[in-house]
Amino acid sequence: NEGALWGARFASGPSPELARLSKSTHFDWQLAPYDLAGSRAHARALAAAGYLSDDELGAMLAGLDTLEARVASGEVVAAESDEDVHGALEAALIGIVGPELGGKLRAGRSRNDQIATLVRLYLKDHAAVIGQQLVHLVDALASQADAHRTAVMPGRTHLQHAQPVLLAHHLLAHGWALSRDLERLLDWTKRADVSPYGGGALAGSTLGLDAASVARDLGLAAPAENSIDGTASRDVVAEFAFVAAMIGIDLSRIAEEVILWNTREFGFVTLDDGYSTGSSIMPQKKNPDIAELARGKSGRLIGNLTGLLATLKALPLAYNRDLQEDKEPVFDSVETLEVLLPAFTGMIATLEFHTDRMAELAPAGFSLATDVAEWLVKRHVPFRDAHEITGALVRYAEERGLGLDAVDDAALAAISPHLTPDVREVLTVEGSVASRDGIGGTAPTRVDEQFARLTDRVRHL
Ligand code: ARG
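Counting of residues starts from 1 at the beginning of each chain's written sequence and follows it residue by residue. For a predicted model such as this one, the threshold for reporting local features is a pLDDT of at least 70, and the threshold for listing and counting side-chain atom pairs is 80 or more; totals across whole chains, interfaces and linings nevertheless cover every residue.

A. The overall build of the chain, seen in detail. For the chain, the count of helices and strands is 19 helices and six strands. Only C-alpha atoms enter the radius of gyration; for comparison, a globular chain is expected to reach 2.2 Å times N to the power 0.38, where N is the number of residues. Over its C-alpha trace the chain gives a radius of gyration of 31 Å, far above what one expects of a compact globule, namely 23 Å for 461 residues. The C-alpha extent of the chain, read off along each of the three principal axes, is 100 × 55 × 40 Å. Any residue with 12 or fewer other C-beta atoms within 10 Å of its own C-beta is exposed, any with 20 or more is buried, and the rest are partly exposed; the C-beta atoms used are placed from the backbone. Within the span of the chain, comprising 461 residues, buried residues form 39% of the whole. Distance between backbone-placed C-beta atoms decides contact: two residues are in contact if it is within 7 Å. Expressed as a percentage of contacts within the chain between residues at least 6 apart in sequence, the contacts between residues at least 24 apart total 75%. Helix and strand definitions follow DSSP, with helices as H or I runs of at least four residues and strands as E runs of at least two, each counted in order from the N terminus.

Given below as structure tokens:
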């Protein structure tokens, strides 16, 4: 096999079964542009160390340019006989520059240090794409918050009505979670910004190549400090998969709410036609499939992470072929998010909120009871007593099918002399929301403040 990177010590070629098992071109071919970037940087390092003349370097770089164009146009693709992207590209390069020159490029590097570097380059590029997509989603949530600055809704704990909140407050809560995912992605980049290139198979190179210049050429901050660690570690890949899974989980929490809000029973939102689906049998149906796919795909993203961690567990140093199993899951996480995020953002951006319905339900379920208790505290009733008094008021109202504001003066006084008629001043949703004006609270003034902080944070991360 002409394109093979090894073989001389073997009496026979690989069996077809092995070749089939070992093959990775069907997924690592997408690393071809990064492999070529690595080859350029490596050729320069070889020339700087005296292993390629200026003419040879010129011919090598020109050959790599030609190869890159042919890969981009689809003229060069992996052959059936190629084991991996590295071998396929070397064979194609030799086809362009000849075996004499083409055969010099592999000196001082191994597929082990190559692949460990290429996967970082790939993930760094996609972290930037996913980061931008996350910014768009936070923007969509913030725009909806901005468009509904005063709308109120039932805030829930245990999925039960708890205290009224501003819709904007609720939407921004999801925005903050996503802003931390964005921050995680940026923080991940610090650890990803290392080049294992030049570490060889595991122990380093004898050729005196400048690993720092290779790193610089590849846009990575520094060479790996330890060639064994550089070639054998995949924590950077696992951490990326974690951030991807966390993004998926945060999307799934929004998704679940959209699905609930979109039910007839809630009636909080209507989905845009362009971002919902129909049924093949029920003509009336309009389904929240984007939200459901987000919820479902979060499981897949978690699976990619756990599969990867299981592959890494107890793996002895240094490189083992098991490590080839890092790519399909993390590529899948990247592809999943890059397809999911734009659709999800479109769904959020086009959601129509039924604020009348939300406002109508905001005070239901005695959600203003805490306001009564805190009103009593402001009149120096100990909170323990205030809690008891308010509990008795709720019970009285519930038994009679009344709202708290409909309990008459005499009944209030009978429950507790502290319950004077002016308690009704806190029995409105607007009053309740406005009074929760501590830092991070749902009062409109505070929500305006956090809106500015969140949009600013996402801009400047
Ligand atoms: N395809 C391998 C990987 O993805 C890289 C090649 C290393 N192969 C080897 N036999 N050392 O990790």
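B. Region of the structure containing the confidence of the model for the chain. Per residue, pLDDT captures the predictor's confidence, and it can take any value from 0 to 100. For the chain, mean pLDDT is 96; residues scoring 70 or higher make up 99% of the total. On the interface metric, ipTM, the complex scores 0.95, and its pTM is 0.95.

C. Just the UniProt feature "domain: Argininosuccinate lyase C-terminal" (unreviewed entry) in the chain, in detail. Within this numbering scheme, the UniProt entry marks residues 366-434 as carrying the feature "domain: Argininosuccinate lyase C-terminal" (unreviewed entry). Helix makes up 59% of residues 366-434 and strand 0%. Its end C-alpha atoms lie 17 Å apart. UniProt positions are given in the numbering used here, feature names are shortened, and annotations may be inferred rather than shown by experiment.

D. Spatial organisation of unusual backbone geometry. Omega for the bond connecting Leu 317 with Ala 318 falls within 30 degrees of zero, at 0°, which places this linkage in the cis form. Inspection of the secondary structure assignment puts Ala 318 in the loop between α12 (289-312) and α13 (327-349). Phi at His 158 takes a positive value of approximately 55°, unusual for a residue other than glycine. Position of His 158 among the secondary structure elements: in the loop between β1 (152-157) and β2 (160-166). Owing to 6 C-beta atoms within 10 Å, His 158 belongs among the exposed residues under this scheme. Residues other than glycine seldom take positive phi values, yet Ala 314 does so here, at roughly 65°. Within the secondary structure, Ala 314 is located in the loop between α12 and α13.

E. Local environment of the domain arrangement of the chain. Domains are outlined according to an automatic or database domain assignment. Domains assigned within the chain are domain 1 (16-107), domain 2 (112-147 + 167-206 + 224-360) and domain 3 (361-448). If you average the C-alpha positions of domain 2 and of domain 3, the two centres end up 42 Å apart. Listed per partner, the contact involves seven residues of domain 2 and five residues of domain 3. Secondary-structure elements contributing two or more residues to the side of domain 2 that touches domain 3 are α8 (167-192) and α14 (355-361). Among the elements that take part in the side of domain 2 that touches domain 3, α14 stands out by supplying four residues, more than any other. The residue classification treats Ala, Val, Leu, Ile, Met, Phe, Trp, Tyr, Cys and Pro as nonpolar and Asp, Glu, Lys and Arg as charged. All others, Gly included, are polar. Across the side of domain 2 that touches domain 3, the residue classes tally to four nonpolar, one polar and two charged.

F. Structural context of the site of the ligand. Should the C-beta atom of a residue, placed from the backbone, lie within 6 Å of a molecule or strand, that residue is near it. As a structural note, the neighbourhood of the ligand is formed by Ser 24, Asp 84, Arg 111, Asn 112, Ile 115, Tyr 319, Arg 321, Leu 323, Gln 324 and Lys 327. Here the shell around the ligand takes three residues from helix α7 (residues 111-147), the largest share from any one element.

G. Representation of the environment of Asn 112 in the model. Looking at the element boundaries, Asn 112 is found in helix α7. Given 22 C-beta atoms within a 10 Å radius, Asn 112 is considered buried. Along the primary structure Asn 112 and Ala 232 are separated by 120 residues, whereas in three dimensions their C-alpha atoms are 8.1 Å apart.

H. Main features of the environment of His 354. Positionally, His 354 belongs in the loop between β6 (352-353) and α14. Among all residues touching His 354, those that are not within four sequence positions of it are Gly 267, Phe 268 and Val 269.

I. Local environment of the packing of α7 against α8. Here, axes are lines fitted to C-alpha atoms. For helices the fit covers the stretch in contact, and angles between N-to-C directions go from 0 to 180 degrees. It is the contact of α7 with α8, at a shortest axis distance of 9 Å, that shows an interaxial angle of 165°. When the axes of α7 and α8 are compared, the pair comes out roughly antiparallel. For α7 against α8, the interelement crossing comes out left-handed. When its residues are assigned to classes, the contact of α7 with α8 shows 19 nonpolar, six polar and three charged. For classification purposes, angles smaller than 35 degrees are called roughly parallel, those larger than 145 roughly antiparallel, those between 65 and 115 roughly perpendicular, and all remaining angles oblique. Crossing handedness: left-handed means the near helix sits turned counterclockwise from the far one by under a right angle, and right-handed means the same turn made clockwise.

J. Spotlight on helix α16 (residues 383-400). Relative to the 26 Å expected for 18 residues at 1.5 Å per residue, α16 spans 26 Å between its end C-alpha atoms, a close match to the ideal helical length. All of the buried residues in α16 are Ala 386, Ile 389, Thr 390 and Leu 393. Each buried residue of α16 lies within a common arc of 95° when the element is viewed along its axis, so the set occupies one face. Residues of α16 that are exposed and point over 90 degrees away from its buried face: Arg 384, Arg 395, Glu 398 and Glu 399. Its buried side turned inward, α16 meets α15 (369-378) and α17 (409-415). A positive phi of about 65° marks Gly 401, the residue just after α16. In this scheme, a helix's expected span is set at 1.5 Å multiplied by one less than its residue total. The directions from the helix axis to the C-beta atoms are what the arc is built from.

K. Broad picture of the packing of helix α11 (residues 235-261) against α13. Running from N to C, α11 and α13 cross one another at 30°; their axes reach a closest spacing of 10 Å. In this view, α11 runs roughly parallel relative to α13, as classed from their interaxial angle. Judged by the twist between their axes, the crossing of α11 over α13 is left-handed. On α13, the residues that touch Val 237, Phe 240, Ala 241, Ala 244, Ile 247 and Leu 251 of α11 are Pro 329, Val 330, Ser 333, Leu 337 and Phe 344. Looking at side-chain class alone, the contact of α11 with α13 contains ten nonpolar, one polar and no charged residues.

L. A look at the pairing of β2. Strands were regarded as paired on the criterion that DSSP finds at least two bridges between them. Taken together, the six bridges between β1 and β2 define a ladder with antiparallel strand orientation. Pairing of Arg 156 across the sheet is with His 161, part of β2. Here β1 hands over to β2 after two residues, with His 158 in that stretch at a positive phi of 55°.

M. Region of the structure containing the UniProt feature "domain: Fumarate lyase N-terminal" (unreviewed entry) in the chain. When the UniProt feature table is mapped onto this chain numbering, "domain: Fumarate lyase N-terminal" (unreviewed entry) sits at residues 21-303. Within the segment residues 21-303, helix and strand shares are 63% and 7% respectively, and the terminal C-alpha atoms sit 22 Å apart.

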